[in-house]
Amino acid sequence: MKAITPAEERLAAKLANLVEIGVLPVCSADPDRWFAESVDDRRKAAAECTGCPALTECEATALAIKPRFGVWAGRDWTPRPRKAVIDD
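Residues numbered from 1 in each chain as written. Predicted model: local features only at pLDDT ≥ 70, side-chain atom pairs only at ≥ 80, totals over all residues. Heavy atoms only, no water.

Peer 1: It is not clear to me how the packing of aromatic side chains should be interpreted in this structure. Could you clarify?
Peer 2: Both the distance between ring centres and the angle between the ring planes are used here to describe each pair of aromatic rings. Following the criterion strictly, the structure yields one aromatic pair and no others. Geometrically, the ring pair formed by F35 and W72 is edge-to-face, given 6.4 Å between the ring centres and 80 degrees between the ring planes. In this pair, F35 sits in the loop between α1 (6-20) and α2 (39-47) while W72 sits in strand β1 (residues 71-72), placing the two residues 37 residues apart along the sequence. For F35, a relative accessible area of 38% puts it in the partly exposed group. Taking relative accessible area as the criterion, W72 reaches 17% and is therefore assigned buried. In this structure, R75 is placed above the aromatic ring of W77, and the distance from its NZ or CZ to the ring centre is 3.7 Å. (Phe/Tyr/Trp six-rings, centres within 6.5 Å; stacked < 30°, edge-to-face > 60°. Helix = DSSP H or I, 4+ residues; strand = E, 2+ residues; numbered from the N terminus. Buried < 20%, exposed > 50% of the residue type's maximum accessible area, 1.4 Å probe, protein only. Lys NZ or Arg CZ within 6 Å of the ring centre and 35° of its normal.)

As structure tokens, this is what we get:
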């Protein structure tokens, strides 16, 4: 089992605090949108991260865990398909 990073612990604490005071990040309403297959859906989700009270902790977590897919802190971490390079 993978160990939880300090950044993940800080994010969990921040989210728990927000829930306690009745402030829910927009991603909590429909978390699947932040991991959608559609690039457009993920782009829209990323735009909604602006102003999130957990943005700093979310970004630190993303940098620590280096996600392979989805939106974290307003950034889509999903790899883009590479274009083939054709040598002449």
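That covers the picture; the talk isn't over yet.
Peer 1: I keep staring at α2 and nothing clicks. Help me out?
Peer 2: Since the α-helix advances by 3.6 residues per turn, residues separated by three or four positions end up pointing in the same direction. Among the residues of α2, those classed as buried are R42, A45 and A46. Projection of α2 onto a plane perpendicular to its axis shows the buried side chains occupying an angular sector of 100 degrees, all on one side. Exposed and oriented more than 90 degrees from the buried face of α2 are R43, K44 and A47. Next to the buried residues of α2 lie β1 and β2 (75-76). Of the residues flanking the start of α2, the one acting as N-cap is S38, its side-chain oxygen 3.2 Å from the backbone nitrogen of D40. (Arc of directions from axis to C-beta. Contact = heavy atoms within 4.5 Å. Polar contact = N/O pair within 3.5 Å; in protein donor to acceptor, adjacent residues only side chain to side chain.)

Peer 1: Explanation requested: the side chain of T61 in the structure shown.
Peer 2: Along the polypeptide, T61 turns up in helix α3 (residues 55-65). Judged by relative accessible area, T61 falls into the buried class, the value being 1%. Reaching out from T61, the side chain makes a polar contact with the backbone oxygen of E57 at a distance of 2.9 Å. Dropping the residues within four chain positions of it, T61 is found in contact with A7, E8, L11, K66 and W72.

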